[in-house]
Amino acid sequence: MAHQEIPDLLPGTLDLLILRTLQTQPLHGWAISERVQQISQDVLQINQGSLYPALHRLEHKGWIEAEWGVSELGRRAKYYQLTASGRRQLAIEASEWERMSTAIARVMKLA
């Protein structure tokens, strides 16, 4: 199978994916991108150059918080988790995503 160029994510989509990925458990950065790639069956790949600025942005907004821990490989790693305000934001953004994707699907089908 030919290598396919991975398109950049729409603005705001990366934040939503990160928030959703952290909904169930705290993860370090590399594990967040691995999880998104695995669940999306390699369609979505988050490069480190986008991931860490997004994590810092979400932390600055108070939607996630970080603390140092030890990774599976025994290395120090920053673990990120949702805050209460991050959970509220996730609910808002997930609802908006649903509304937008439904609208786009309708246009694609009926236009």
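Throughout, a residue's number is its position along its own chain's written sequence, starting from 1. The predicted nature of this model means local features are confined to residues of pLDDT at least 70 and side-chain atom pairs, given and counted, to a pLDDT of 80 or more, with totals for whole chains, interfaces and linings taken over all residues. Values reported for side chains reflect all heavy atoms of the structure, with hydrogen atoms and water molecules removed beforehand.

Topic: the nonpolar core
Quick reminder of the rule: To form a nonpolar core, buried Ala, Val, Leu, Ile, Met, Phe, Trp, Tyr and Cys residues must be joined to one another through side-chain atoms within 4.5 Å. Summary of the burial criterion: residues with accessible area below 20% of their type's maximum are buried, those above 50% are exposed, and those between are partly exposed, where the area comes from a 1.4 Å probe applied to protein chains only. The contact criterion used is simple: two residues touch if any of their non-hydrogen atoms lie within 4.5 Å.
With 19 residues, the main nonpolar core has Ile18, Leu19, Leu22, Ile32, Leu55 and Ile64 as its most contacted residues. Setting aside anything within four residues of it in sequence, one finds Ile64 in contact with Leu19, Leu22, Leu55, Leu58, Glu59, Tyr80, Gln81, Leu82 and Thr83.

Here's the deal with the pairing of strand E3 (residues 76–82)
Counted only if it meets this: Think of it this way: DSSP has to see at least two bridges between two strands before they count as a pair. The helix and strand labels rest on DSSP assignments: H or I over at least four residues marks a helix, E over at least two residues marks a strand, and numbering proceeds from the N terminus.
Note that strand E1 (residues 27–28) and E3 share 2 bridges and pair antiparallel. Along E3, the bridge assignment pairs Leu27 with Tyr80. From the end of strand E2 (residues 64–70) to the start of E3, which pair antiparallel, there are 5 residues, and Gly74 there has a positive phi angle of about 80°.

Side note on the pattern of salt bridges
The test is simple: The term salt bridge refers to a pairing of a side-chain nitrogen on Lys or Arg with a carboxyl oxygen on Asp or Glu at a separation within 4 Å.
Applying the stated criterion across every chain yields a total of 2 salt bridges. Note that Asp15 and Arg57 form a salt bridge whose closest N and O atoms lie 2.6 Å from each other. Taken as a pair, Asp15 in helix H1 (residues 13–21) and Arg57 in helix H3 (residues 48–60) lie far apart in primary sequence, 42 residues in all. Glu96 is the partner of Arg99 in a salt bridge, and the nearest nitrogen-oxygen pair spans 3.1 Å. Of the two residues, Arg99 and Glu96 both sit in helix H4 (residues 84–110), 3 residues apart, roughly one turn of that helix. Look at Glu96 and you get partly exposed, because its relative accessible area is 35%.

Some words on a nonpolar patch on the surface
Which entries qualify depends on this criterion: Any residue with relative accessible area above 30% and no salt bridge may belong to a patch, with like charges joined within 9 Å and the nonpolar Val, Leu, Ile, Met, Phe, Trp and Tyr side chains within 5 Å. Accessible surface is estimated by sampling points in the Shrake-Rupley manner with a 1.4 Å probe; for residues, cover comes only from the protein chains shown.
A cluster of nonpolar side chains, contributed by Met100, Ile104 and Met108, occupies part of the molecular surface with about 340 Å² of accessible area. Note that Met108 resides in helix H4.

Remarks on the packing of helix H2 (residues 29–39) against H3
Inclusion rule: Axis angles are defined between N-to-C directions and span 0 to 180 degrees, where every axis is a line fitted to C-alpha atoms and, for a helix, only to the segment in contact. The labels follow the angle: roughly parallel below 35 degrees, roughly antiparallel above 145, roughly perpendicular from 65 to 115, and oblique for the rest. Two helices cross in a left-handed way if the nearer one is turned anticlockwise from the farther one by less than a right angle. They cross in a right-handed way if the turn is clockwise. Polar here means any residue outside two lists: the nonpolar Ala, Val, Leu, Ile, Met, Phe, Trp, Tyr, Cys and Pro, and the charged Asp, Glu, Lys and Arg; Gly therefore counts as polar.
Two elements in contact, H2 and H3, have axes separated by 10 Å at closest approach and are oriented at 120°. What the angle tells us is that H2 and H3 run oblique. Of the two possible hands of crossing, H2 and H3 adopt the one that is right-handed. Where H2 approaches H3, its residues Gly29, Trp30, Ile32 and Ser33 are matched on the opposing element by Gln48, Leu51, Tyr52 and Leu55. In terms of residue class, the contact of H2 with H3 is built from 5 nonpolar, 3 polar and no charged.

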